[in-house]
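Chain by chain, the residues run as shown.
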Amino acid sequence: MITAYLTHPDCALHHMGPEHPESPQRLEAIRARLSLAGLLQQTMQADAKEACNEALARVHPTRHLNALEKCLPKEGIVTLDSDTMMNPDSLKAARVAAGAVIRGVDQVFKRQADNVFCAVRPPGHHAEAADAMGFCFYNNIAVGAAHAKAKYGARRIAILDFDVHQCNGTIDIFKNDPEVLVCTSFQYPFYPWRYLRSEWQNVVNTPLEVGTDSTEFRRIIERQWLPALHAFKPDLVMLSAGFDAHRDDPMGDICLEDEDFYWVTHLAMEIAALYAENRVVSVLEGGYNPKTLASGAEAHLKALLGLPFTDVP
């Protein structure tokens, strides 16, 4: 497999204070681990470009985009909600995060890569059409999906979200859109406290009880996601890759291991091989223990590269 690895130095410019868990060190932890494992060198590395206003406006109303720009401070940090703050460079980072997913979509449709991992921040899957929340400003994966529809005519996009938190923003944007299937696993009941019930035919909500382990996670995913994916037959598979469902992540109480992230990535790749000419675009979401974030990302990248999973210290 040819795997592209997209990121940008500007992703490190956004910070929300020294104690905030969504910190620039998250990407550095991933980069260091992948480099040490020799995996980064096996990818096709490139920098993202900023998403333009037209791309963002496909999923976020212009008035909302303008309101976000007006909130941007000239110095210091301003608070949007109890979890989400902005510094002067936050939207620059958010634009390259969304832009990475756009570039990843371009790469798989132009056959420059089989699959792509966008190692970016801030994350995006909590950003609703007109509401920044949960550490998120623009919905990165939604921007990429809308780009795939607009530029390449994609008509069956599957978005698989395996973060410990549900992708309320992605659901808000695509609910009732028959061209997008959203499958989301998440601890229940838990933040974001909305869209937790399955009310739309194109949304597969997969709530997980506190303490859900590897065996139960895989059983539920196979039972709930696979029938929907085989019926949908996606022409593009996109992943919101959150590693905060790891048993040692401080954010939640789901007990997954690194090999589970490998397993669910491989499952997505099998669906893409059947229906989408191998096209997979993955974007980083959560993961707040630097060690398990990095080891989970390593397992994820091994799967994308077509390498076997092996335990690492």
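The structure displayed is predicted, hence computed values, not measured ones.

Caption draft 1: Broad picture of the nonpolar core. Counting residues in each nonpolar core, the largest one holds 103 residues, and the members touching the most others are Cys-118, Ile-157, Leu-160, Trp-225 and Met-238. Examining the composition of this core, we find that 11 residues originate from one element, helix α4 (residues 90-109), more than from any other. Among all residues touching Leu-160, those that are not within four sequence positions of it are Cys-183, Trp-225, Leu-229, Val-237, Met-238, Leu-239, Ser-240 and Ala-268.

Caption draft 2: Just the packing of α4 against helix α5 (residues 140-152), in detail. Running from N to C, α4 and α5 point in directions that differ by 40°, and their axes come no closer than 8 Å. By the angle class used here, α4 and α5 are oblique. At the point where α4 passes α5, the crossing takes the right-handed sense. On the side of α4, the interface is formed by Ala-94, Ala-97, Ala-98, Val-101, Ile-102, Val-105, Asp-106 and Phe-109, while α5 contributes Asn-140, Ile-141, Val-143, Gly-144, His-147, Ala-148, Lys-151 and Tyr-152. Tallied by class, residues from the contact of α4 with α5 come to 11 nonpolar, 3 polar and 2 charged.

Caption draft 3: Up close: the side chain of Asn-139. Among the secondary structure elements, Asn-139 is positioned in the loop between β5 (115-118) and α5. Within polar-contact distance, the side chain of Asn-139 engages the backbone oxygen of Ala-127 at 3.0 Å. Not counting residues up to four positions away in its chain, the partners in contact with Asn-139 are His-60, Gly-124, His-125, Ala-127, Gly-169, Thr-170 and Ile-173.

Caption draft 4: Representation of the packing of helix α1 (residues 25-36) against helix α9 (residues 290-305) within the structure. Taken N-terminus to C-terminus, the directions of α1 and α9 make an angle of 50°; their axes are 8 Å apart at the nearest point. It follows from the interaxial angle that α1 and α9 lie oblique. α1 and α9 meet at a crossing whose hand is right-handed. The segment α1 lies against α9, with Arg-26, Ala-29, Ile-30, Arg-33 and Leu-34 engaging Pro-290, Lys-291, Leu-293, Ala-294, Ser-295, Ala-297, Glu-298 and Leu-301. Split by residue class, the contact of α1 with α9 holds 8 nonpolar, 1 polar and 4 charged.

Caption draft 5: Fine view of the side chain of Glu-22. Among the structural elements, Glu-22 can be located in the loop between β1 (3-7) and α1. Of the polar contacts made by the side chain of Glu-22, one reaches the side chain of Arg-26; its length is 2.8 Å. Within polar-contact distance, the side chain of Glu-22 engages the side chain of Arg-121 at 2.7 Å. Other than its neighbours up to four places away in sequence, Glu-22 contacts His-14, Met-16, Arg-121, Pro-122, Pro-123, Phe-135 and Tyr-288.

Caption draft 6: Spatial organisation of the packing of aromatic side chains. Applying the stated criterion across every chain, the model contains 9 aromatic pairs. Here Phe-243 and Phe-261 contribute two aromatic rings whose centre-to-centre distance is 5.0 Å and whose plane-to-plane angle is 80°, an arrangement assigned as edge-to-face. Note that Phe-243 is positioned in the loop between β9 (236-241) and α8 (258-275) and Phe-261 in helix α8, a separation of 18 residues in sequence. When sorted by exposure, Phe-243 lands in the same class as Phe-261, which is buried. Among the aromatic residues, ring-to-ring pairing joins Phe-162, Phe-243 and Phe-261 into one connected group.

Caption draft 7: How the structure looks around α5. Relative to the 18 Å expected for 13 residues at 1.5 Å per residue, α5 spans 18 Å between its end C-alpha atoms, a close match to the ideal helical length. Of all the 13 residues making up α5, 10 are buried; the element is thus mostly covered by neighbouring parts of the structure. Every buried residue of α5 is accounted for by Asn-140, Ile-141, Ala-142, Val-143, Gly-144, Ala-145, Ala-146, His-147, Ala-148 and Lys-149.

Caption draft 8: Representation of the state of the cysteines in the model. Taken as a whole and judged by the stated rule, the model has 0 disulfides. The thiol sulfur of Cys-11 is not disulfide-bonded, and the nearest other cysteine sulfur, from Cys-118, lies at 9.7 Å. Looking at Cys-183, it has no disulfide partner, and the nearest cysteine sulfur is the one in Cys-167, 9.2 Å off.

Caption draft 9: Seen up close, the sheet that holds β1. As summarised here, the arrangement of the 8 strands in space is β2-β1-β5-β10-β9-β6-β7-β8, forming an open sheet in which the pairing is parallel. What marks the edges here is a single partner per strand, and that holds for β2 (44-47) and β8 (203-208). The average angle at which neighbouring strand axes cross in this sheet is 15°, direction not considered. Across 4 bridges, the pairing between β1 and β2 is parallel. Note that in β2 the partner of Tyr-5 across the bridge is Gln-45. Sheet strands touched by α5: β6 (157-161), β7 (180-187), β9 and β10 (280-284). Its angle to β9, the strand with the most contacts, is close to 170°. Contacts from α8 reach β5, β6, β9 and β10 within the one sheet, and its direction differs from that of β9 by about 165°.

Quick notes on the rules
- Residues numbered from 1 in each chain as written.
- Predicted model: local features only at pLDDT ≥ 70, side-chain atom pairs only at ≥ 80, totals over all residues.
- Heavy atoms only, no water.
- Core = buried A, V, L, I, M, F, W, Y, C linked by side-chain atoms within 4.5 Å.
- Buried < 20%, exposed > 50% of the residue type's maximum accessible area, 1.4 Å probe, protein only.
- Helix = DSSP H or I, 4+ residues; strand = E, 2+ residues; numbered from the N terminus.
- Contact = heavy atoms within 4.5 Å.
- Axes fitted to C-alpha atoms, helices over the stretch in contact; angles between N-to-C directions.
- Parallel < 35°, antiparallel > 145°, perpendicular 65-115°, else oblique.
- Left-handed = near helix turned anticlockwise from the far one by under 90°.
- Nonpolar A, V, L, I, M, F, W, Y, C, P; charged D, E, K, R; others polar.
- Polar contact = N/O pair within 3.5 Å; in protein donor to acceptor, adjacent residues only side chain to side chain.
- Phe/Tyr/Trp six-rings, centres within 6.5 Å; stacked < 30°, edge-to-face > 60°.
- Expected span 1.5 Å × (residues − 1).
- Disulfide = S-S within 2.5 Å.
- Pairing = 2+ DSSP bridges.

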